[in-house]
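For reference, the chains in residue letters:
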Amino acid sequence: MTGIGERLEALREERWGMLADLVFAIIWVTLVDVIFRFLEGPQWAYYLFMFAGIIAYFGFFASLDLARSKQ
């Protein structure tokens, strides 16, 4: 197990990346939860949309990296 100092150092190095990950996760989960509370969809579809968030995450950040590299 790593020490708290090592974890703090990693957090300092990856601060903006970790913040972007957290913000994306919070927004995705909130949107899916609001949609399914409103529509009252089936439980399996709720979990499918949550899983799709993983794919959306990698797709969003891959396209963001691609756009930055083309500039």
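The following refers to the structure shown. (Residues numbered from 1 in each chain as written. Predicted model: local features only at pLDDT ≥ 70, side-chain atom pairs only at ≥ 80, totals over all residues. Heavy atoms only, no water.)

The final tally for this structure, using the stated rule, is one salt bridge. Two residues, Asp33 and Arg37, come together in a salt bridge whose shortest N-O distance is 2.8 Å. A residue pair is termed a helical-turn pair when its members lie 3 or 4 positions apart in one helix, as Asp33 and Arg37 do in helix α2 (residues 15–39) at four residues. Judged by relative accessible area, which is 24%, Asp33 ranks as partly exposed. (Salt bridge = Lys/Arg side-chain N within 4 Å of Asp/Glu carboxyl O. Helix = DSSP H or I, 4+ residues; strand = E, 2+ residues; numbered from the N terminus. Buried < 20%, exposed > 50% of the residue type's maximum accessible area, 1.4 Å probe, protein only.)

Next up on the list: helix α3 (residues 43–70). Here α3 is 28 residues long and its end C-alpha atoms lie 41 Å apart, about the 40 Å a rise of 1.5 Å per residue gives. Listed in full, the buried residues belonging to α3 are Ala45, Tyr46, Gly53 and Phe61. (Expected span 1.5 Å × (residues − 1).)

Let us now look at unusual backbone geometry. Phi is positive for Glu40, which is not a glycine, with a value near 55°. With respect to the helices and strands, Glu40 occurs in the loop between α2 and α3. Taking the relative accessible area as the measure of exposure, Glu40 reaches 68% and is therefore exposed.

On to the packing of aromatic side chains, then. Think of a pair of aromatic rings as described by two things: how far the centres are apart, and how the planes are tilted against each other in angle. Evaluation of the coordinates by the stated rule reveals seven aromatic pairs. With a centroid separation of 5.6 Å and an interplanar angle of 65°, the aromatic rings of Phe24 and Tyr57 are classed as edge-to-face. With a gap of 33 residues between them, Phe24 in helix α2 and Tyr57 in helix α3 connect regions that are remote in the sequence. Ring centres of Tyr46 and Tyr47 lie 5.5 Å apart, and the angle between their planes is 70°; this geometry places the pair in the edge-to-face category. Under the relative-accessibility criterion, Tyr46 is labelled buried at 19%. (Phe/Tyr/Trp six-rings, centres within 6.5 Å; stacked < 30°, edge-to-face > 60°.)

Attention shifts here to the environment of Ala45. With respect to the secondary-structure elements, Ala45 resides in helix α3. Taking the relative accessible area as the measure of exposure, Ala45 reaches 10% and is therefore buried. For the pair Ala45 and Gly59, spaced 14 residues apart in the sequence, the C-alpha separation amounts to 20 Å.

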